[in-house]
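Report on the structure
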Amino acid sequence: GVAPEPVIRGAEFDTYRYRVTVVGGYHPVATFLANVGSLPRIVAPVAFTLAPARATGTRNPVPRPTAAQQLEATVAIQT
């Protein structure tokens, strides 16, 4: 999921913040975070949490690990 947060207005530039939640196995979550780090714009993670995924409401386009192996990563990013 992606949830935008309020824009922080600045004298030189504005800062856009988003809260992103990713659910999946360890390797797909790590791949997502690596992809965020390689974006052409400056995107900085400012907060990160990692927890076992909840059993309901999870969607994952890659082959699913068992529910016990699913992780839920929430990262606040800004650009």
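A brief report on the enclosed structure follows. Given the structure is predicted, the values throughout are model-derived calculations rather than measurements.

Concerning the side chain of Thr74
Residue position: Thr74 is located in strand E4 (residues 71-78). Excluding its chain neighbours within four sequence positions, the residues that come into contact with Thr74 are Arg19, Val20, Thr21, Ala47, Phe48 and Thr49.

So, the nonpolar core
Note that soluble globular proteins tend to have their nonpolar side chains buried in a common cluster. The biggest cluster of nonpolar side chains holds eight residues, and these are Val20, Val22, Val29, Val36, Val43, Ala73, Val75 and Ile77. Breaking this core down by element, the ones donating at least two residues are strand E2 (17-24), helix H1 (26-37) and E4. The dominant element in this core, judged by the number of residues it contributes, is E4, at three residues. Setting aside residues up to four positions removed in sequence, Ile77 forms contacts with Tyr16, Arg17, Tyr18, Val20, Val36, Val43, Ala44, Pro45 and Val46.

A closer look at the sheet that holds strand E1 (residues 2-4)
Read from one edge of the open sheet, four strands run E1-E2-E4-E3, paired in antiparallel fashion. Of all the strands in the sheet, just E1 and strand E3 (44-52) have a single pairing partner and so form its edges. Across the sheet, the mean angle from the axis of one strand to that of its neighbour is 15 degrees, orientation sign disregarded. Here E2 pairs with E4 via eight bridges, running antiparallel. Counted as the bridge partner of Arg17 is Gln78 from E4.

Re the environment of Arg41
One can find Arg41 in the loop between H1 and E3. Expressed as a C-alpha distance, the spacing of Arg41 and Thr79, which sit 38 residues apart in the sequence, is 7.4 Å.

Observations regarding the pattern of salt bridges
Throughout the structure, instances matching the rule amount to three salt bridges. Taking the shortest distance from any N to any O, the salt bridge between Glu5 and Arg17 comes out at 4.0 Å. Here Glu5, found in the loop between E1 and E2, pairs with Arg17, found in strand E2; they are 12 residues apart in sequence, far enough to count as distant. Classification of Glu5 as partly exposed rests on a relative accessible area of 25%. Between Asp14 and Arg9 there is a salt bridge, with the nearest N and O atoms lying 2.6 Å from each other. Classification of Asp14 as partly exposed rests on a relative accessible area of 26%.

What counts and what doesn't
- Residues numbered from 1 in each chain as written.
- Predicted model: local features only at pLDDT ≥ 70, side-chain atom pairs only at ≥ 80, totals over all residues.
- Heavy atoms only, no water.
- Helix = DSSP H or I, 4+ residues; strand = E, 2+ residues; numbered from the N terminus.
- Contact = heavy atoms within 4.5 Å.
- Core = buried A, V, L, I, M, F, W, Y, C linked by side-chain atoms within 4.5 Å.
- Buried < 20%, exposed > 50% of the residue type's maximum accessible area, 1.4 Å probe, protein only.
- Pairing = 2+ DSSP bridges.
- Axes fitted to C-alpha atoms, helices over the stretch in contact; angles between N-to-C directions.
- Salt bridge = Lys/Arg side-chain N within 4 Å of Asp/Glu carboxyl O.

Limitation: the analysis is restricted to geometry and does not speak to function.
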